[in-house]
Amino acid sequence: MIDKAKLGRGLMKAGIAVTAVLLAATLLFIYAESTWVRASSADPEHSFLYATTGTEIMPLPVFQVLPYLFPDQFQPGGPAAGDWIQQYGLIRGKEGVNEGLPQGFFVSNHRPKSGAPSPVPFVGINCSFCHTSLIKRTDSDPGVMVRGMGNTSLDFIAWVDGFKTAVLDEKRMTPKAIFDTYEQKFGKKLSLSEKLMIRLWLIQTRQTVQEAEPKVDDPFGGADLRNSAYMPNGPSRTQPFRNLVRNVMNRPAMLDHGYCKLPVLYEQKDRDWGQFDGSVKDRLTRSVLAAIAIGATMQNLSMPEISNNVEQSIAYTLDLKGPKFTDVFPDQKLDAQKVARGQLVYAAHCDSCHGHPGSDGAWVRGEKQDTVFPYQTLGTDGERVSFRHFDTLADALVDSFPPKQPLRPNRADLRPGPMGDTQGYIGVPIVAPFSHAPYLHNGSIPTLAELINLKPRPDVFYRGDNLYDPVDAGLIVPDHPDALRYFRFDTSIPGNSNKGHDYPWAYHGPGWNEAALKDLLEYLKTI
Amino acid sequence: MSTRQITLGQVTATFVPFGLLLVAALMGAETALDLPFQRMIYSIWATMALMIPALCLYILPSRTQPRKNLWLLYWTFAYLAYLVHFYYAVMVHYHASITEVFAQQGVKIAGSNFLVTFWWALDVVLAWTVQSDVKWIGISRLLANIYIPFTFFVASVVLFQGFVNVLGYAMTAGIILCLLVRIHAWWLAAHPVVQTEASGG
């Protein structure tokens, strides 16, 4: 006969024991989870190249299969235009390094946005995604990789739209399709945790993209990704303030034409104010705002590993040397006499705004360096500094950070504000100017020869994977499209103007001196 | 003074729901990309689920020792769940910065939350260590049992929306129901029914 009281006590003890075990297991799991991410001890170079800056995007297995699942989005030029890495202007990674991912993608065990630990690695993009470039002279040239140089072929905004279009495709972008494609491509099954995380990520990411659609419209996809009428940024440019206005002010920024080329990041110690208009002073704030514009959050940027990586990446750029022309192009011999004459032209017409390298290599400040010149004075395109909300964005940015939040920008470090207005462009050091191509803040002038008005500036040209011309110092831009140069750059549309900055002289204008300009170009190749 | 003898049944009736709710709160958050935030949310749900029986047991009449024991255990476990919420809120969400808590929540809400945290802790400690009926402890407990549920009501019904509203309404309904039972018992005690022949039929 069963002793009911004894049975009851036994059941109660079992219930308590099972609960206690579950609790202990949960606490152990949480402890184990905390070890998936650790405070980084990465050095500046490693941080710049491979470390997380809080901008995780998708699980690694998804990243690995997306181009196969969506060739229409990741090879919008068709198979003949190359694989997705080539079509979006990325720099191919090396086997065995950083999972073989293209340059600028990192792998971390942080979940997107929150930075919480993830059992499944996530892929994101860091500083070197935009600020590392290849200089190629032929289509088959492996090229010279230059760290700190703005990527001349990266079509970032198109890649983002292609990715969003894929995420929104509920018929083709399913967990099962991801799992099956992964198994087909890599010959192994995904683990249970990977499958669960992918499902979770897909649900939440799709929801996020869908929620944004009423504000920012549907993303473009397929062949439209290469249509400059729809995707006006094109290679090597972004619209940084459109994203900030959207993310911080919750406005669509429909009228924004503030296209910005991806800038170089050499010797940042000599830059008191960052951005083309000198609108941000503090270096950490510059990096934080750049990271937030592409998906980082205050929450994950405050985490020890991520904040350390951001600081280390900044440290990397403080003394990062620009490339030497003669190292990149050893076959190009510079004429010493022309260089000497060109130095005099530079001193007379360029030095006061830009400064020059001293004999010890340190940058000697120009008299007007760090001055913001009104864009009307320069004659260059004003969309970058006159966009809607230009005057209120800085306040909104600061207010978007809680008071006392460690990353909250100091209001005086942002302009317009207490430190003045910035509706213009700032005079900055021009380290290794041959590697700044394309020129002006909006990348509207392909070569240095055209920037200094030695040669006429083209009105319409095609951008993409453009080759480098060491003679004119800049990008070779065809006047008709081909598979690799697909983006029609029309300098007549808002934000694309190639006018202005007519220094030393306007093309064939008063004082124009072809010989002096050739000398100047030669000198510019030496600094 | 009564002797507290907590039985196996009482521990089972309180620890098992506490443990399971906490496990669900902590592990359920794994299904979110914002893991710490969801743990903060789910743990306060667990707190409320455990607090409702504790409040009812405190309010209901006829406070027998077994009922007192159950109250003590639910009150304690609810507080432990609350401490988990407090950890994810203050230590994780607000980066262990009291300044940030006050800056983001405002002085009134942050001050109230810290008051709840300390007052509840004090009451739990006193409940375990002092068994005699000390007057000031009784008054403090009465006030705590008014103030703490009030703050939870404001948060769960007035300030926030979502599933927490269900818990907020359930807590409110539970308190009102238990108060009615208590009032009814008090009224019966104050007005005993006199058995007469007429009324007896």
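As the structure is a prediction and not an experimental result, all values here were calculated from the model.

## Some remarks on the overall build of chain A
Part 1 of the reasoning: When helices and strands are tallied, chain A shows 20 helices and 15 strands.
Part 2 of the reasoning: Relative to the 2.2 N^0.38 estimate, which gives 24 Å for 527 residues, the radius of gyration of chain A is 26 Å and therefore close to what a compact globule would have.
Part 3 of the reasoning: A total of 527 residues make up chain A; the buried ones form 56% of that total.
Part 4 of the reasoning: Taking contacts inside chain A between residues at least 6 apart in sequence as the whole, the part at least 24 apart equals 70%.
Part 5 of the reasoning: Of the roughly 22600 Å² of accessible surface on chain A, a fraction of 55% belongs to carbon and sulfur atoms.
Part 6 of the reasoning: Here chain A holds 55 positive side-chain charges and 58 negative ones, and the gap between their average locations is 6 Å.

## Things to note about the interface of chain A and chain B
Part 1 of the reasoning: Taken residue by residue, the interface counts 29 residues in chain A and 27 residues in chain B.
Part 2 of the reasoning: When chain A packs against chain B, close to 2300 Å² is buried across both sides, 74% of that on carbon and sulfur atoms.
Part 3 of the reasoning: The interface formed by chain A and chain B holds two salt bridges in total.
Part 4 of the reasoning: When the shortest N-O distance is used, the salt bridge between A:Arg111 and B:Glu30 registers 2.6 Å.
Part 5 of the reasoning: Our count for the contact surface shared by chain A and chain B stands at six residue pairs in polar contact (both at pLDDT 80 or more).

## A closer look at a nonpolar patch on the surface
Part 1 of the reasoning: A cluster of nonpolar side chains, namely B:Ile176, B:Leu177, B:Leu179, B:Leu180, B:Ile183, B:Trp186, B:Trp187 and B:Leu188, defines an oily patch on the protein surface of about 850 Å² accessible area.
Part 2 of the reasoning: Position of B:Trp187 relative to the elements: it lies in helix H7 (residues 163-190).

## Thoughts on empty space enclosed by the protein
All names here are of chain A.
Part 1 of the reasoning: With the rule as written, the count across this model stands at two cavities of 30 Å³ or more.
Part 2 of the reasoning: In this structure, the largest cavity encloses a volume near 40 Å³.
Part 3 of the reasoning: In this structure, the largest cavity is lined by Gln86, Gln87, Gly89, Ser153, Arg226, Gly464, Asp465, Leu484 and Tyr486.
Part 4 of the reasoning: Looking at the lining of the largest cavity, its residues break down into two nonpolar, five polar and two charged.
Part 5 of the reasoning: Approximately 30 Å³ is the volume found for the second largest cavity.

## Section: the environment of B:Cys178
Residues and elements named next belong to chain B.
Part 1 of the reasoning: By the secondary structure assignment, cysteine 178 is in helix H7.
Part 2 of the reasoning: Distance from cysteine 178 to leucine 57, taken between C-alpha atoms, is 8.3 Å for residues 121 residues apart in sequence.
Part 3 of the reasoning: Residues in contact with cysteine 178, not counting those within four places in the same chain, are Cys56, Ile59 and Leu60.

## Thoughts on the confidence of the model for chain B
Part 1 of the reasoning: Mean pLDDT over chain B stands at 92; residues scoring 70 or higher make up 95%.
Part 2 of the reasoning: In the model of chain B, helix H8 (residues 197-200) of chain B stands out as the element of lowest mean pLDDT, 49, in contrast to helix H1 (residues 8-28) of chain B, which has the highest, 97.

## Structural notes on the layout of surface pockets
Residue and element names in this part refer to chain B.
Part 1 of the reasoning: Reported here for the second largest pocket is a volume of approximately 1000 Å³.
Part 2 of the reasoning: Lining the second largest pocket are 35 residues, with His85, Gln105, Asn113, Ala155 and Phe160 sitting closest to its centre.
Part 3 of the reasoning: Those elements that provide at least two residues to the lining of the second largest pocket are helix H2 (35-59), helix H3 (65-93), helix H4 (98-105), helix H5 (107-129), helix H6 (135-159) and H7.
Part 4 of the reasoning: Here the lining of the second largest pocket takes eight residues from H6, the largest share from any one element.
Part 5 of the reasoning: Residue classes in the lining of the second largest pocket are distributed as 24 nonpolar, 10 polar and one charged.

## Some remarks on the packing of helix H11 (residues 283-293) of chain A against helix H13 (residues 304-318) of chain A
Residues and elements named next belong to chain A.
Part 1 of the reasoning: Running from N to C, H11 and H13 point in directions that differ by 120 degrees, and their axes come no closer than 10 Å. By the angle class used here, H11 and H13 are oblique. The handedness of the crossing between H11 and H13 comes out as right-handed. Residues Arg283, Leu284 and Ser287 of H11 pack against Val310, Glu311, Ile314 and Leu318 of H13.
Part 2 of the reasoning: Looking at the contact of H11 with H13 residue by residue, the classes come out as four nonpolar, one polar and two charged.

## Describing the packing of aromatic side chains
Part 1 of the reasoning: Summed over all chains, the structure comprises 44 aromatic pairs over all chains.
Part 2 of the reasoning: Measuring from centroid to centroid gives 6.4 Å for A:Phe74 and A:Tyr88, while their planes differ by 70 degrees, and the two rings are edge-to-face. Linking A:Phe74 in helix H4 (residues 71-74) with A:Tyr88 in the loop between helix H5 (84-87) and strand E2 (105-110), this pair joins segments that are 14 residues apart in sequence.
Part 3 of the reasoning: Judged by its relative accessible area of 2%, A:Tyr88 is buried.
Part 4 of the reasoning: Between B:Trp71 and B:Trp75, the aromatic rings sit 6.2 Å apart at their centres with planes inclined by 20 degrees, giving stacked as the arrangement. Within this pair, B:Trp71 and its partner B:Trp75 are both found in helix H3, separated by four residues, close to a single helical turn. Like B:Trp75, B:Trp71 is buried.
Part 5 of the reasoning: Three or more aromatic residues joined by ring pairs form one cluster here, namely A:Phe63, A:Phe74, A:Trp84, A:Tyr88, A:Phe105, A:Phe129, A:Phe156, A:Trp159, A:Phe163 and A:Trp201.
Part 6 of the reasoning: One Lys or Arg, A:Lys185, reaches over the ring of A:Tyr68 and ends 4.4 Å from the middle of that ring.

## Quick notes on the pattern of salt bridges
All names here are of chain A.
Part 1 of the reasoning: Throughout the structure, instances matching the rule amount to 28 salt bridges over all chains.
Part 2 of the reasoning: Measuring nitrogen to oxygen at the nearest pair gives 3.6 Å for the salt bridge that ties arginine 365 to aspartate 272. Here arginine 365 is found in the loop between strand E9 (363-364) and strand E10 (372-374), whereas its partner aspartate 272 is found in the loop between strand E7 (260-261) and H11, with 93 residues between them in sequence.
Part 3 of the reasoning: You can call arginine 365 partly exposed: its relative accessible area is 44%.
Part 4 of the reasoning: Here the salt bridges do not stand alone but share partners, grouping Glu267, Lys269, Asp270, Asp319 and Lys321 into one network.

## Brief notes about the sheet that holds strand E3 (residues 117-125) of chain A
All names here are of chain A.
Part 1 of the reasoning: Sheet architecture is open: three strands sit in the order E1-E3-E2, paired in antiparallel fashion. Every other strand in the sheet has two partners, leaving strand E1 (56-59) and E2 as the edge strands with one partner each. Ignoring which end each strand starts from, the neighbouring axes of this sheet average 40 degrees apart.
Part 2 of the reasoning: When E1 meets E3, the two strands line up antiparallel, connected through three bridges. Counterpart to glutamate 56 in the pairing with E3 is glycine 124.

## Points about the nonpolar core
Part 1 of the reasoning: B:Met51, B:Trp75, B:Trp120 and B:Phe152 are the most contacted members of the largest nonpolar core, which totals 53 residues.
Part 2 of the reasoning: Every element with two or more residues in this core is listed here: helix H1 (4-34) of chain A together with H1, H2, H3, H5, H6 and H7 of chain B.
Part 3 of the reasoning: If one sorts the elements of this core by residue count, H3(B) sits on top with 15 residues.
Part 4 of the reasoning: Residue contacts for B:Phe152: discarding those within four places in its chain leaves B:Ile44, B:Thr47, B:Met48, B:Met51, B:Tyr82, B:Trp120, B:Val157 and B:Met171.
Part 5 of the reasoning: One finds A:Met173, A:Tyr182, A:Ile198 and A:Trp201 within the second-largest nonpolar core, a separate group that totals 47 residues.

## A few points about the state of the cysteines
Residue and element names in this part refer to chain A.
Part 1 of the reasoning: Taken as a whole and judged by the stated rule, the model has zero disulfides over all chains.
Part 2 of the reasoning: Here cysteine 130 is not disulfide-linked; the sulfur of cysteine 127 is the nearest cysteine sulfur, at 8.9 Å.
Part 3 of the reasoning: Looking at cysteine 350, it has no disulfide partner, and the nearest cysteine sulfur is the one in cysteine 353, 8.5 Å off.
Part 4 of the reasoning: With relative accessibility at 10%, the residue cysteine 350 sits in the buried group.

Cut-offs used in this document
- Residues numbered from 1 in each chain as written.
- Chains lettered and ligands numbered in written order.
- Predicted model: local features only at pLDDT ≥ 70, side-chain atom pairs only at ≥ 80, totals over all residues.
- Heavy atoms only, no water.
- Helix = DSSP H or I, 4+ residues; strand = E, 2+ residues; numbered from the N terminus.
- Rg over C-alpha atoms; globule rule 2.2 N^0.38 Å.
- Buried < 20%, exposed > 50% of the residue type's maximum accessible area, 1.4 Å probe, protein only.
- Contact = heavy atoms within 4.5 Å.
- Areas by Shrake-Rupley, 256 points an atom, 1.4 Å probe, with all protein chains shown as cover.
- Lys, Arg positive; Asp, Glu negative; His and termini not counted.
- Charge placed at Lys NZ, Arg CZ, Asp CG, Glu CD.
- Buried area = accessible area lost by both parts, 1.4 Å probe.
- Salt bridge = Lys/Arg side-chain N within 4 Å of Asp/Glu carboxyl O.
- Polar contact = N/O pair within 3.5 Å; in protein donor to acceptor, adjacent residues only side chain to side chain.
- Patch = residues over 30% accessible without salt bridge, like charges linked within 9 Å, V, L, I, M, F, W, Y side chains within 5 Å.
- 1 Å grid on protein atoms, 1.4 Å probe; cavity = no way out; pocket = protein on both sides within 12 Å on 5 of 7 lines; lining within 4 Å.
- Points joined across faces, edges and corners; volume = space filled by probe spheres on them.
- Nonpolar A, V, L, I, M, F, W, Y, C, P; charged D, E, K, R; others polar.
- pLDDT = per-residue confidence, 0-100.
- Axes fitted to C-alpha atoms, helices over the stretch in contact; angles between N-to-C directions.
- Parallel < 35°, antiparallel > 145°, perpendicular 65-115°, else oblique.
- Left-handed = near helix turned anticlockwise from the far one by under 90°.
- Phe/Tyr/Trp six-rings, centres within 6.5 Å; stacked < 30°, edge-to-face > 60°.
- Lys NZ or Arg CZ within 6 Å of the ring centre and 35° of its normal.
- Pairing = 2+ DSSP bridges.
- Core = buried A, V, L, I, M, F, W, Y, C linked by side-chain atoms within 4.5 Å.
- Disulfide = S-S within 2.5 Å.

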